[in-house]
Amino acid sequence: MCGRFSLAVDKETFEATMQREFHLDVDYESYGLPRYNIAPSQDILALIHDGHKYRIGTLTWGFKPGFIKDSNFNVINARSESVATKPLFKEALKSRRCLILADGFYEWKRDDQKKTPMRFTQIEKPLFTMAGIYTESKTKKGETYHSVAILTQNANKDMEEIHERMPVILSENERLAWVHPNSGKDLSTLTDLLEEKEAGLLRHYPVSPVVNNPKNDTPKCLTPINRS
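Residues numbered from 1 in each chain as written. Predicted model: local features only at pLDDT ≥ 70, side-chain atom pairs only at ≥ 80, totals over all residues. Heavy atoms only, no water.

**Student:** How would you sum up the overall build of the protein? Please name residues and give values.
**Tutor:** What the protein contains, in helices and strands, is 4 helices and 13 strands. For a compact globule of 228 residues, the expected C-alpha radius of gyration is about 17 Å, and the protein comes in at 17 Å, within 12% of that figure. Viewed in the frame of its principal axes, the protein has a C-alpha envelope of about 50 × 40 × 40 Å. When each of the 228 residues of the protein is scored for burial, the buried share is 49%. A separation threshold of at least 6 residues defines the contact pool for the protein, and within that pool the share at least 24 residues apart is 66%. Surface summary for the protein: the accessible area is close to 11700 Å², and the carbon and sulfur share equals 48%. Across the protein, the centroid of the 32 positively charged side chains sits 7 Å from that of the 31 negatively charged ones. (Helix = DSSP H or I, 4+ residues; strand = E, 2+ residues; numbered from the N terminus. Rg over C-alpha atoms; globule rule 2.2 N^0.38 Å. Buried < 20%, exposed > 50% of the residue type's maximum accessible area, 1.4 Å probe, protein only. Contact = heavy atoms within 4.5 Å. Areas by Shrake-Rupley, 256 points an atom, 1.4 Å probe, with all protein chains shown as cover. Lys, Arg positive; Asp, Glu negative; His and termini not counted. Charge placed at Lys NZ, Arg CZ, Asp CG, Glu CD.)

**Student:** Could you give me a rundown of the pairing of strand 8 (residues 114–122), with the residues and numbers involved?
**Tutor:** Among the 9 residues that make up strand 8, 7 are buried, leaving the element largely enclosed by the rest of the structure. With 7 bridges joining them, strand 7 (residues 104–111) and strand 8 adopt antiparallel strand pairing. When the sheet's bridge partners are listed, Y106 is paired in strand 8 with R119. Following strand 7, the chain reverses through 2 residues before pairing antiparallel with strand 8; D112 in that reversal takes a positive phi of roughly 55°. (Pairing = 2+ DSSP bridges.)

**Student:** How would you explain the pairing of strand 6 (residues 97–102) if you had to name every residue and give the values?
**Tutor:** By the criterion of burial, strand 6 is predominantly enclosed, with 6 of the 6 residues buried. Burial of the side chains of strand 6 extends over both faces: R97, L99 and L101 are buried on one face and C98, I100 and A102 on the other. Pairing of strand 3 (residues 43–49) with strand 6 involves 2 bridges; the strand directions are antiparallel. Counterpart to L47 in the pairing with strand 6 is L99. As judged from the 6 bridges shared by strand 6 and strand 9 (residues 128–138), these two strands associate in the antiparallel manner. If you follow I100 over to strand 9, its bridge partner there is M130.

**Student:** Break down the pattern of salt bridges for me, citing the residues and quoting the values.
**Tutor:** Enumeration over the complete set of coordinates arrives at 14 salt bridges. We note a salt bridge from R20 to E21, for which the minimum N-O separation is 3.5 Å. The exposure class of E21 is buried, given its relative accessible area of 12%. A salt bridge links K53 to D50, with the nearest nitrogen and oxygen atoms 3.3 Å apart. Within this structure, R20, E21, K125, E172 and R175 form a network of salt bridges that share partners. (Salt bridge = Lys/Arg side-chain N within 4 Å of Asp/Glu carboxyl O.)

**Student:** Outline the packing of aromatic side chains, supporting the account with residue identities and numerical values.
**Tutor:** Throughout the structure, instances matching the rule amount to 6 aromatic pairs. Consider the rings of F105 and F128, whose centres lie 6.4 Å apart with planes at 85°: the pair is edge-to-face. With a gap of 23 residues between them, F105 in strand 7 and F128 in strand 9 connect regions that are remote in the sequence. You'll find F105 and F128 in the same group, each marked buried. An aromatic cluster is built from F105, F120 and F128, whose rings are joined through pairwise contacts. (Phe/Tyr/Trp six-rings, centres within 6.5 Å; stacked < 30°, edge-to-face > 60°.)

**Student:** Go over the sheet that holds strand 8 with me, naming the residues and quoting the values.
**Tutor:** Taken in spatial order, the 5 strands make up an open sheet running 2-1-7-8-13, and their pairing is antiparallel. Each end of this open sheet is capped by a strand with a single partner; those strands are strand 2 (35–38) and strand 13 (202–206). On average, each strand axis in the sheet is tilted by 30° relative to the strand beside it, whichever way the strands run. (Axes fitted to C-alpha atoms, helices over the stretch in contact; angles between N-to-C directions.)

**Student:** Account for helix 1 (residues 11–22), naming residues and giving values.
**Tutor:** Counted at 1.5 Å a residue, the expected span for helix 1 with its 12 residues is 16 Å, and the 16 Å between its end C-alpha atoms agrees. Residues F14, T17, M18, E21 and F22 constitute the buried set of helix 1. Taken down its axis, helix 1 places every buried residue within 100° of arc, on the same side. The exposed set on the far side of helix 1, more than 90 degrees from its buried face, consists of E12 and R20. In this fold, the buried residues of helix 1 make contact with strand 1 (5–7), strand 3, strand 4 (54–61), strand 6, strand 9 and helix 3 (175–179). Trailing helix 1 by a residue or two, H23 shows a phi angle of about 55°, which is positive. (Expected span 1.5 Å × (residues − 1). Arc of directions from axis to C-beta.)

Okay, here's the thing in structure tokens:
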């Protein structure tokens, strides 16, 4: 599962990475960065590809197709193992895939009755991308909105002692194959990208319980704590 993450790198790192890896000139402040505690129902920063170039924008976290009338319906994660066959997701997999930008994500470790928030980051890169699918719908007023789910997979050795699931993190070499429109013509290309990732790329550390409340969007969410 992935239910909380961050995008809190500094302005210089973010804008340089966007230019170097995606050939995009992006203004850091225009997207409300930094964000330390991104939660479901909020807008998140994502990348798509139009067949010629990357495009960046925001999507609402909580996948909800237009035919769903339940106002409480809110799918934040989609299992990679079944995304190609579930009616709710399979059309999005074919034509509406995205990369979700992050510099870390949170998961909670259970010790007896206690839950400790842990922050996961990538060892070698300040920014990484998670695989997502999104849908386009209309509100009752006829306004278009886009909502997104983060894909998850079985945890590898980087994650399994904390939680049984983890987000699908795509490497720099996998990103274009995931979002390029032509990839939807052969689902095997996409499902290959969703195979379990190698371990040794993530590190984690305990952080303050302040992150438990999504209203707390402060640097304290990132600060390591002593568990002793």
